[in-house]
Amino acid sequence: DSILPQIGRSNLTGSITVWFESAAMLEKFINETQSSLEFTLTAGAKTLTFLFPAIKYTGGKPDVSGDGSITLEMPFQAVYDATEATNIKVTRIP
């Protein structure tokens, strides 16, 4: 007998750090507002785009230490999005 992988949903979490320019991002956490997150990585002529179509912020802690700009650390969880039928979509651009 062999153990075969099972197909199911993944539990994807992460964290982003944003400039604290207004309370808009913090309010997304407080109000449990669902958002999306997309970013692109490029190496030479190769590009990957990562899309998290539905994320919920699970925290929001401003960093007010020291002088200068204030940043906001925002941990998140990517949840299933019915439109994309996934919680993460990776697109390779040749």
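Remember, it's a predicted structure, so these values are computed and weren't measured experimentally.

### As for the side chain of T47
Reasoning step 1: Relative to the helices and strands, T47 resides in strand β3 (residues 46-57).
Reasoning step 2: A relative accessible area of 15% means that T47 is categorised as buried.
Reasoning step 3: Separated by 3.4 Å, the side chains of T47 and T42 make a polar contact.
Reasoning step 4: In contact with T47, not counting residues within four places along its chain, are T40, L41, T42, T91, R92 and I93.

### Examining the side chain of T49
Reasoning step 1: Tracing the backbone shows T49 in strand β3.
Reasoning step 2: Here the side chain of T49 touches T40 through a polar contact of 3.5 Å, side chain to side chain.
Reasoning step 3: Other than its neighbours up to four places away in sequence, T49 contacts E38, F39, T40, K89, V90, T91 and I93.

### Points about the environment of I55
Reasoning step 1: Relative to the helices and strands, I55 resides in strand β3.
Reasoning step 2: Considering only alpha carbons, one finds I55 and S35, 20 residues apart in sequence, at a separation of 5.3 Å.
Reasoning step 3: For I55, the contacting residues outside a window of four places in its chain are T33, Q34, S35, S36, L37, F76, Q77 and A78.

Procedures and definitions
Residues numbered from 1 in each chain as written. Predicted model: local features only at pLDDT ≥ 70, side-chain atom pairs only at ≥ 80, totals over all residues. Heavy atoms only, no water. Helix = DSSP H or I, 4+ residues; strand = E, 2+ residues; numbered from the N terminus. Buried < 20%, exposed > 50% of the residue type's maximum accessible area, 1.4 Å probe, protein only. Polar contact = N/O pair within 3.5 Å; in protein donor to acceptor, adjacent residues only side chain to side chain. Contact = heavy atoms within 4.5 Å.

By themselves, these figures tell us nothing about what the structure is for.
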